[in-house]
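# Inside the fold
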Amino acid sequence: MDRILVEGGKALRGRIEIGGAKNAALPAMAASLLTDAPLVLDRVPDVVDVGTMRRLLQMLGVEVRHPPAAAHRLVLHCPEVLETTAPYDLVRRMRASVLVLGPLLARAGRARVSMPGGCAIGPRPIDLHLEGLARLGAEIRLEGGYVEATAPRGLRGAVIRLPKPSVGATENLMMAATLARGTTVIEEAAQEPEIEDLARCLVAMGARIAGAGTKRIEIEGTERLHGGEHRILPDRIETGTYAMAAAITGGELELVGTRLELLGAAAEVLQEAGVELVAEGDRLTARRSPRGLVGTDVMTRPFPGFATDLQAQFMALMCRAEGAAMITETIFENRFMHVPELMRMGARITVHGPTALVRGVPELTGAPVMATDLRASVSLVLAALAARGETEINRVYHLDRGYERLEQKLAAAGASIQRLP
Ligand code: EPZ
């Protein structure tokens, strides 16, 4: 298994290109199941999760082309759904595989998707996806670890009120509703920028959707969708991660191809914590403020609140701040696996239930540490960049799920970082 070695203490300087959002690319790829015409997606990041979704879609009957001249373009074409089962082996590897449920059901009238089960960051049920699809008329059974959903007479529009704003459930239901008879309203929908992006993709395919990005999304069903072209929005989590990399090392990075407003509340929190962010067109300059990093409390919330996907990185940053920071995780139950690893590097952190109290320390020191999930892993990279001495990060396949060319991007900005097989 690969390891990453980081020799800390180098201030990062230079430009880093921000890619398309993994969490927008995955649902947009699943949307290709909704039509028999080609869907062209641009700015698709070259990360392992995209490869996993690609394999799943190919099993279901989607032809996937990657034109050699356009590095981040995928052409997805599903003339006919050949298979309606998403097998355990792929769903276990990537929970976002459940995003094929809504599209399969809407187009083929049936879907069999393995129940994802728990994952490193908590139990993560899919009850809201299933209840919503049942409201659209699907019959749902659980059999042998699989969700078996059928809609022999097609789906019909309904009002669905989500008890909490789930990103995946909103996406699954929005896709299913595009081919349902009549109008669907999703109330208390998730408002993440990736939802709005998926809606833009679906609209380019002929869907009729209003309100995506707000709490109330209205979808008027249509008999068929056509092909379309869509460019995936910039990855806000990659943006926030590299902004914090600039600040924790005391350097300055120009992040190219991204937008400040995608960060939501995280933009203010970062600035309060001493990360200067200056936006100009499609670029963002991030550097540590001359007053230094200051302990800043934060609570993760659904968008526009502070993203849970930035919590681990922010904790690494706060390890080097002046004073203390109280970090509360409200979205996932078990998203503090980075804490013991950061403590091996000299961090002072106390966890009480969903809250971690981080007391800033004058120095972190390199140590062998273990990556546990995507964002936890990258938080260890941030800590390592700022630490004295060498850090060896094991199990880095987690990083490859969501960060394209992480070591190359950091090395080009002056980090001493290398991957060892
Ligand atoms: C998406 O996961 C992202 N994944 C996650 O990104 C992200 O952390 C999360 O949204 C929150 O922003 C993708 O977009 C592919 P949810 P998702 O449904 O859709 C509970 C990363 O690092 N819930 O919004 O699975 C759930 O347990 C990751 O890139 C139910 O109870 O998240 C959680 O507490 C990991 N029942 C809360 O809702 C359900 O049916 C929000 O989860 C669904 C969710």
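Residues numbered from 1 in each chain as written. Predicted model: local features only at pLDDT ≥ 70, side-chain atom pairs only at ≥ 80, totals over all residues. Heavy atoms only, no water.

### Examining helix H7 (residues 193-204)
- An ideal rise of 1.5 Å per residue puts 16 Å on twelve residues; H7 measures up with 17 Å between its terminal C-alpha atoms.
- Residues of H7 that are buried: Pro193, Glu194, Ile195, Asp197, Leu198, Ala199, Cys201 and Leu202.
- Glycine 206 occupies a position one or two residues after H7 and carries a positive phi of about 100°. (Helix = DSSP H or I, 4+ residues; strand = E, 2+ residues; numbered from the N terminus. Expected span 1.5 Å × (residues − 1). Buried < 20%, exposed > 50% of the residue type's maximum accessible area, 1.4 Å probe, protein only.)

### Quick word on the nonpolar core
- Counting residues in each nonpolar core, the largest one holds 77 residues, and the members touching the most others are Val100, Met174 and Leu202.
- Filtering out sequence-adjacent residues up to four positions away, leucine 202 remains in contact with Ala31, Leu34, Met174, Met175, Thr178, Ala207 and Ile209.
- Ile4, Leu293, Val361 and Leu382 belong to the second-largest nonpolar core, a separate cluster that totals 71 residues. (Core = buried A, V, L, I, M, F, W, Y, C linked by side-chain atoms within 4.5 Å. Contact = heavy atoms within 4.5 Å.)

### Brief notes about the packing of helix H6 (residues 167-178) against H7
- One way to put it is that H6 packs onto H7 with a least axis distance of 10 Å and a crossing angle of 15°. Relative to H7, the element H6 lies roughly parallel. In the packing of H6 onto H7, the handedness of the crossing is right-handed. Listed contacts from H7 to Val167, Thr170, Glu171, Met174, Met175 and Thr178 of H6 are Glu194, Ile195, Leu198, Ala199 and Leu202.
- Partitioning the contact of H6 with H7 into residue classes produces seven nonpolar, two polar and two charged. (Axes fitted to C-alpha atoms, helices over the stretch in contact; angles between N-to-C directions. Parallel < 35°, antiparallel > 145°, perpendicular 65-115°, else oblique. Left-handed = near helix turned anticlockwise from the far one by under 90°. Nonpolar A, V, L, I, M, F, W, Y, C, P; charged D, E, K, R; others polar.)

### Focus: the pairing of strand S17 (residues 283-288)
- Bridging between strand S15 (residues 252-256) and S17 involves five bridges; their strand directions are antiparallel. In the sheet register, valine 256 faces S17, and the bridge partner there is arginine 283.
- One ladder, built from six bridges, connects strand S16 (residues 275-280) with S17; its direction is antiparallel. Residue pairing in the sheet places valine 278 in a bridge with threonine 285 of S17.
- The turn joining S16 and S17, which pair antiparallel and follow one another in sequence, is formed by two residues; a positive phi near 60° is taken by glycine 281. (Pairing = 2+ DSSP bridges.)

### Concerning the pattern of salt bridges
- Scanning the entire structure with this criterion turns up 30 salt bridges.
- A salt bridge links arginine 112 to glutamate 148; its shortest N-O distance comes to 3.0 Å. Of the two residues, arginine 112 sits in strand S7 (residues 110-114) while glutamate 148 sits in strand S9 (residues 146-150), which places them 36 residues apart along the sequence.
- Arginine 388 serves as the salt-bridge partner of glutamate 363, at 2.9 Å between the closest nitrogen and oxygen. Here the residue glutamate 363 occupies a position in the loop between strand S21 (355-359) and strand S22 (368-370), and arginine 388 occupies one in the loop between helix H12 (374-386) and strand S23 (390-394), the gap between them amounting to 25 residues.
- By relative accessible area, which is 40% here, glutamate 363 ends up partly exposed.
- If you follow the salt bridges from partner to partner, you end up with Asp2, Asp400, Glu407 and Arg419 in one network. (Salt bridge = Lys/Arg side-chain N within 4 Å of Asp/Glu carboxyl O.)

### Considering H12
- Here H12 spans 19 Å end to end across 13 residues, near enough to the 18 Å set by a 1.5 Å rise per residue.
- Counting buried positions over the 13 residues of H12 gives 13, a clear majority of the element.

### Focus on the sheet that holds strand S24 (residues 416-420)
- Strand order in the open sheet formed by four strands is S22-S23-S1-S24, with mixed pairing between adjacent strands. Pairing within the sheet leaves two strands with one partner each, and these edge strands are S22 and S24. Pairs of neighbouring strands in the sheet enclose a mean axial angle of 20°, with direction left out of account.
- In this sheet, S24 lies alongside strand S1 (residues 3-7) in antiparallel orientation, the contact comprising five bridges. Residue valine 6 lies in a different strand from S24, and its bridge partner there is isoleucine 417.
- Set on the sheet, H12 makes contact with S1, S22, S23 and S24; between it and S23 the angle comes to about 170°.

### Digging into unusual backbone geometry
- A cis geometry characterises the amide bond from phenylalanine 303 onward to proline 304, with omega recorded as 10°.
- Along the polypeptide, proline 304 turns up in the loop between strand S18 (298-299) and helix H10 (311-319).
- Residues other than glycine seldom take positive phi values, yet arginine 43 does so here, at roughly 55°.
- Along the chain, the position of arginine 43 falls in the loop between strand S3 (39-42) and helix H2 (48-60).
- One non-glycine residue, arginine 405, lies in positive phi territory at about 45°.
- As for its placement among the helices and strands, arginine 405 is situated in the loop between helix H13 (397-400) and helix H14 (406-412).

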